[in-house]
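# Overview (structure and organization)
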Amino acid sequence: MNVLGTVSECILICWTGTKDYYYEYTECDSTGSRWRVAIPQRGQGSCTSLPEPVRGTECTFSCEAGEFLELSAQECTQCAAGTYSLGSGVRFDDWESLPAGFSSLATDLDNGPGGDDNLSCNSSSWIPQGSYLESNRDECTVSLIYAVHLKKQGSVSFEYQYPDDNLFFQFFIQNDQCQELDQTADKKWLQLTTQGNWATHSVNLKSGTNILYWRTAGIVIGTKVLKPVLLKNVHIEGVAYTSECFPCKPGTFSPTPGSSRCQPCPRDTHSGHGASSCTLCNTTEGSSGCKARPPCSTKDYFQIHTPCDKEGKTQVMYRWVQPQICLVSVAGAETLPPSGAREPCPPCNPGFYNNDTATCSPCPPGTFSDGSCPAGTEPVVGYQYKWWNVLPANMKTSCFNVGNSKCDGMNGWEVAGDHIQSGAGGSDNDYLILNLHVPGFKTPTSVTGGAGTEFGRIVFEFEMVCSADCELYFMVSTKVLESWNGSKDRQSYTHIMNKNASVSYTWAFQRTNQPSDVRQKVSDVVRIHSITVSNSVDGVSSECRACALLAQPSGSLCVPCPPGHYIHPHTSQCTECPPNTRLTSHSSPGPEACSPCGPASKSTKDHSRCFNDCVFSYSENNVSLRFDYSSLGSVGTLMNGPSFTSKGTKYYHLFNISLCGGEGRRAVCTDNVTDLSSADSPRESGEITNVVDTFICQSTIIPSSGRGFRTALSSQSISLADTFLGTDMSNVFLLVSSLEATSSCDAGRSVVVVLRCNPDRSTQGELTVPSQCPAGTCDGCTFHILWESSGACPHCSPQDYHQIEGACKGRQQDKLFVWNEPKRCVGGVSLPEKLTLPCESLDFLIMMGAVIGVFAAAVLLSITCYFWKKNKRLEYKYSKLVMSSNKECELPGADSCAMMEGEENEGDMEDEVVYSKKISLIRKLKGNRDNYENVQLNSSQSNGLVWG
């Protein structure tokens, strides 16, 4: 190699036959032709003496499986032994390291209110785990990216595990302009998988550049650890050719040239990377290396109960965990314990019978364990497993581990007489799976078409004994309904089926979620004591129940009852439930099957549920109030938050509330993240949808900002209340409850909605939660919501306004009506119209008062003058009487005080009277006669008389 140049420039001369460059084809032109060109390797700088471009193969050229295109000769060449190729496809199944072309990109979170710098996502990535890739377990948004250029239309497929809906998982495609290609929701958002099961996802690709994105983003609320997404076996078709072959991964080999796949090494052999043969050793099938076999211990065997023999006996036996890795013939090794004594087999489960054989057989249709059902009754069908001598025919068990195949073929669960328990497994992080398949449900004949929405229910009783972080999952189809961590006392769990469909119930037990290749926690077990499924179509019967009969005396066959009817225990006739009661499913026949609705509520026509019409009346202290919540009857929404997880992810709680809950007015919550199959795509018959339809529901909302998603995410939709219990109008609140128990709420969830009247609010008003419980609940079971609205105010009545009288003008007066302040009512009665009435003005009243006053004064003056004059006359008479008395002043007794006829004018005729009088009677008695008092009476006449 000669190097020519100056200090500022170097020219690298590339020699033919070295690895300083590689060949590549140009894009196809309009004639379907292309050129082969040499391109320097990265970091090699500018090269000279590169081979000249030559005409390449036709654009339609491709190689067969097991071949690759050798670009220097432009010919298809067989892959060497120990390698393979797919011809027109590319497969990635070896994840010891991230394959060439793949990259993992993490997006930093929007930090919470504190802006903590420790929330960086620099350490978050997709991690190779040998046979699969594992996603991040935190709240960072991490993308796995691979770019491929297709010469023709093709496809991409891959296998994945997606067990945790707290982690969002999507797959999408962009072109070379970073434009996202159109994809339906079911292709972009991946569906959840059951524990331990792999799902396959395929998407068609267009010719040209396709950039593939696998993106995950989690949200951790509380301390729960996320379960990662696992990815393996990425297969891309449409590349027309591959320029190299892929080496076989450890544990596999390809013995001949031209192989299209690698074969697993047989048992007791192993192989390395790119092996063409396997080497003998004492290990399991498909191993990549050999390890020393340890001595056997108590963790290497497990206990079983043998099936019943012809004598009806069973016994406890011990077996080695297969494949047996441990050695027995070494110092310190444990041996299998001796088998237990033969004991009588447990009885048959209800609905089964022992027909003098070693096995229990199901009762024939129309019969139950103790014989045939009499007339007027029908068998109660279902499963009731409480004795576990053998695994029932409709149940199966398995073991699965994503990182190894040690437990493949093992029984995940073992029967143990009065219970069934988790098995030993191959390692501590195995998923031990128990599955029960129910093909459908059939309600009893008499309640067909009525009695609410319950088609069947499953009840199981279990306990857990754990020393570490073990976890039990209960799933319906692919949806995890409930999970339990750590040790749990014996308890029961109930799930109600609200749709009639085929369904699979799954129990998955994992001792630890940490990677493990050994068994250290075999003593950590879960025991299921009983499983009961009601109304299963292929179930057996252990008892009979009364059913409705025809009204004719000859009728003895069971007939369906109309919706909302129960079976009368005496007449066996269908009887409608009383008004404002609901028919309770899963109850005994009789009037007790009709449960009364709560206060201020009523039932639907078919008595399937209780609701209210949003109109209430309330009286207290002779005051009647009428409320109409129709304006609030439509669904109300409360977006509570924001809240932040421990790593700063922002999220909200969304509550949808339907107060009245009438037909067609229920609240709906929907996930837009997982299980978003389009309406036209086929669904499994037992698949659980992601739509919650109830009185009150809750969803977790994650905004699009900071997460790399184009829209806000809605997930974890749950029903908080599906039964209306009634109202208490003294405090104006509504109480609704979800009666289905959860792992943390034995009595189910309940919600109290308090309505507060505020005329200043709009009709929809504002919903809030207690400040001390930002999530609306402090214990996770009881939720409190305050709804402040003008629509919560009572209807207006005449007691809510008063009258105001206006001034009298022009002998006209207005009377107005105004609301009492503060106004605490809406709607109802309206204010009366203004009244205008005749009236008298103030001037007229003053004049009338003056006239009356003058008249009264004149009358009073006249009366005064009259009595004055009369008094004078009385004085005159008295004077006459005095003058007519004797000198001793002795007055004669008066005959009458009245004036005689003719006396009235007598005084007028007298001119003047003068009389003298003794000074006093006492002086007279003393003899003092010299002293007299003279009184002159004047008259109009000139003459006068003097009396002495």
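From a predicted model like this one, the values you see are computed outputs, not experimental measurements. (Residues numbered from 1 in each chain as written. Predicted model: local features only at pLDDT ≥ 70, side-chain atom pairs only at ≥ 80, totals over all residues. Heavy atoms only, no water.)

### So, the nonpolar core
Inside soluble globular proteins, nonpolar side chains tend to come together where they are buried. In terms of nonpolar packing, the biggest core is built from 40 residues, with W126, F171, L212, W214, L231, V234 and I236 touching the most fellow members. The set of elements that each furnish at least two residues to this core consists of strand 10 (89–92), strand 14 (141–150), strand 15 (154–161), strand 16 (167–174), strand 17 (199–205), strand 18 (208–218) and strand 19 (230–237). Among the elements that line this core, the one with the most residues is strand 14, at five residues. Ranked by size, the runner-up nonpolar core spans 38 residues in total, among them Y385, C399, L434 and V476. (Core = buried A, V, L, I, M, F, W, Y, C linked by side-chain atoms within 4.5 Å. Buried < 20%, exposed > 50% of the residue type's maximum accessible area, 1.4 Å probe, protein only. Helix = DSSP H or I, 4+ residues; strand = E, 2+ residues; numbered from the N terminus.)

### Some thoughts on the environment of S202
Here S202 is to be found in strand 17. Classification of S202 by relative accessible area gives partly exposed; the value is 38%. Sequence separation between S202 and V156 is 46 residues; the distance between their C-alpha atoms is 5.6 Å. Apart from residues no more than four positions distant in its own chain, S202 is found in contact with V156, S157 and K187. (Contact = heavy atoms within 4.5 Å.)

### Considering the environment of K602
Locating K602 in the fold gives a position in strand 49 (residues 602–603). Owing to a relative accessible area of 32%, K602 belongs among the partly exposed residues under this scheme. Separated by 22 residues in sequence, K602 and N580 place their C-alpha atoms 4.4 Å apart. Apart from the residues within four sequence positions on either side, K602 is in contact with N580, C597, R609, C610, F611 and D613.

### What about a nonpolar patch on the surface?
Together, F855, V859, I863, Y866 and F867 line one region of the surface with nonpolar side chains, adding up to about 540 Å² of accessible area. Here F867 lies in helix 3 (residues 842–883). Since its relative accessible area comes to 53%, F867 is described here as exposed. (Patch = residues over 30% accessible without salt bridge, like charges linked within 9 Å, V, L, I, M, F, W, Y side chains within 5 Å. Areas by Shrake-Rupley, 256 points an atom, 1.4 Å probe, with all protein chains shown as cover. Salt bridge = Lys/Arg side-chain N within 4 Å of Asp/Glu carboxyl O.)

### Notes on the sheet that holds strand 39 (residues 471–476)
Taking strand neighbours across the sheet as the criterion, the five strands line up as 34-37-42-39-40 in an open arrangement whose pairing is antiparallel. One side of each edge strand has no neighbouring strand; the edge strands of this open sheet are strand 34 (395–400) and strand 40 (479–485). In this sheet, adjacent strand axes meet at a mean angle of 15° when their direction is disregarded. Note: strand 39 against strand 40, six bridges, orientation antiparallel. (Pairing = 2+ DSSP bridges. Axes fitted to C-alpha atoms, helices over the stretch in contact; angles between N-to-C directions.)

### Things to note about the pairing of strand 33 (residues 377–385)
Two faces make up the sheet, and in a regular strand the side chains alternate between them. Pairing of strand 33 with strand 44 (residues 540–546) involves five bridges; the strand directions are antiparallel. From the neighbouring strand, G382 faces strand 44, where its bridge partner is V540. As defined by bridge partners, strand 33 adjoins strand 43 (residues 525–534) across four bridges and the pair is classed as antiparallel. Across the sheet, G382 pairs through a bridge with S534, a residue of strand 43.

### Here's the deal with the sheet that holds strand 11 (residues 102–107)
What the four strands build is an open sheet, ordered 11-14-18-16; its pairing is antiparallel. Looking along the sheet, the strands with just one partner apiece sit at the ends: strand 11 and strand 16. Neighbour to neighbour, the strand axes of the sheet diverge by 20° on average, direction disregarded. In this sheet, strand 18 lies alongside strand 14 in antiparallel orientation, the contact comprising ten bridges. Its bridge partner being in strand 18, A147 is matched across the sheet by I211.

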